[in-house]
Amino acid sequence: MRLVIQGPGIGFQQLAHIHQLLGASHQQFIQVGEHAYQLAGQSEMPPTLSAFCQEQHIDVALVDDQHQLNNLGLAVMDMDSTLITIECIDEIADMQGLKPQVAAITESAMRGEIEFAESLRRRVALLQGLEASALQRVIDERLQLTPGAQAWISACKRHNIKTMLVSGGFDFFADRVKAMLDLDVAKANSLEIVDGRLTGRLLGPIVDAQAKADYLERFRQELGLRQDQVVAIGDGANDLKMMSAAGCGVAYHAKPVVQQQATYALNHVDLEGLVYLFAPLSVSSVQTCH
């Protein structure tokens, strides 16, 4: 296994202290990114190291050597608050003056306090009567890719890793994000629109936690990949089943329940941190630090 540490605040003093905490006197950090380092041959993470990194706002992970970009074949990602910075349904609700009410339900669902399908129906019902043009306004005025998203997807493409967006949000936005990032597949819910207005209902089966896992499994089998060749990335409780269906799951700036169950967690770096989390060691292309 290898220790991966990353964060914008990492400097020589932090590296030296981490080295001391590990007692790794004969090993060298290998720099894999501007603010990211690996230390090979690690088998455990002392609690003192976890505490220090948390205090210093540094992401730290003990990464299985099998979890490298050149071993992966499929990356499955949540959309809202993962690939993009917003929760689309909250921003749609803002057009109705209902953002606080909808956002409260969204937060509760992401923490796992409300069953997702029920929470989604309740939120969508509040949007009844909204002009469908509000959806395009959310795209034009508020939808932004999460920093590092393009770097992560570009790394996937360089390593021939297929990319899949699976969202409990809406296909109106998922299709746009798919085009922006040139993803291979996007799956999401469909809002019913009649006479140019939202009806407050959904079309077809709801993309809930189980559906996300099922889409992942179906695409994995189509690609002929093993489970350990799949990574799933998300931030809410609705992502836990797809993480379990993958070889490893990454909690990205996620709710506590997700961080506790994910294989790895990124809390301080942006999505480009995934590139360094799964970066293979290549001594010829990195710098070493004591």
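No experiment lies behind these values; they were computed from the predicted model shown.

**Looking at the pairing of strand β2 (residues 29-33)**
Note on strand geometry: in a regular strand, side chains alternate between the two faces of the sheet.
Alright, step 1. The buried count for β2 comes to five of five residues, which makes it a mostly enclosed element.
Alright, step 2. Sheet topology note: the β2/strand β3 (residues 36-40) ladder contains three bridges and is antiparallel. In the strand pairing of β3, Gly 33 is matched with Ala 36.
Alright, step 3. A loop of two residues connects β2 with β3, the two strands running antiparallel in sequence.

**Overview of the pairing of strand β5 (residues 74-77)**
Alright, step 1. Of the two faces of β5, the one lined by Leu 74 and Val 76 and the one lined by Ala 75 and Met 77 are each fully buried.
Alright, step 2. As defined by bridge partners, β5 adjoins strand β9 (residues 230-234) across four bridges and the pair is classed as parallel. In the sheet register, Leu 74 faces β9, and the bridge partner there is Val 230.

**Notes on the packing of helix α4 (residues 99-110) against helix α5 (residues 116-125)**
Alright, step 1. One way to put it is that α4 packs onto α5 with a least axis distance of 10 Å and a crossing angle of 170 degrees. Our classification of the angle between α4 and α5 gives roughly antiparallel. Contacts between α4 and α5 involve Val 102, Ile 105, Thr 106 and Ala 109 from the former and Ser 119, Arg 122 and Arg 123 from the latter.
Alright, step 2. The class makeup of the residues in the contact of α4 with α5 is three nonpolar, two polar and two charged.

**Describing the sheet that holds β9**
Alright, step 1. With mixed pairing, the seven strands of this open sheet are ordered in space as β8-β7-β6-β5-β9-β10-β11. For this open sheet the edge positions go to β8 (197-203) and β11 (264-266), each flanked by a neighbour on one side alone. Between one strand and the next, the sheet's axes are offset by a mean angle of 25 degrees, whatever the strand orientation.
Alright, step 2. Alignment of strand β6 (residues 162-170) against strand β7 (residues 185-194), held across four bridges, turns out to be parallel. Its bridge partner lying in β7, Met 164 is registered against Val 185.
Alright, step 3. Lying on the sheet, α5 is in contact with β6, β7 and β8; it crosses β8 at an angle near 165 degrees.
Alright, step 4. Across the face of the sheet, helix α8 (residues 171-181) comes into contact with β6 and β7 while running at roughly 145 degrees to β7.

Thresholds applied
- Residues numbered from 1 in each chain as written.
- Predicted model: local features only at pLDDT ≥ 70, side-chain atom pairs only at ≥ 80, totals over all residues.
- Heavy atoms only, no water.
- Buried < 20%, exposed > 50% of the residue type's maximum accessible area, 1.4 Å probe, protein only.
- Helix = DSSP H or I, 4+ residues; strand = E, 2+ residues; numbered from the N terminus.
- Pairing = 2+ DSSP bridges.
- Axes fitted to C-alpha atoms, helices over the stretch in contact; angles between N-to-C directions.
- Parallel < 35°, antiparallel > 145°, perpendicular 65-115°, else oblique.
- Contact = heavy atoms within 4.5 Å.
- Nonpolar A, V, L, I, M, F, W, Y, C, P; charged D, E, K, R; others polar.

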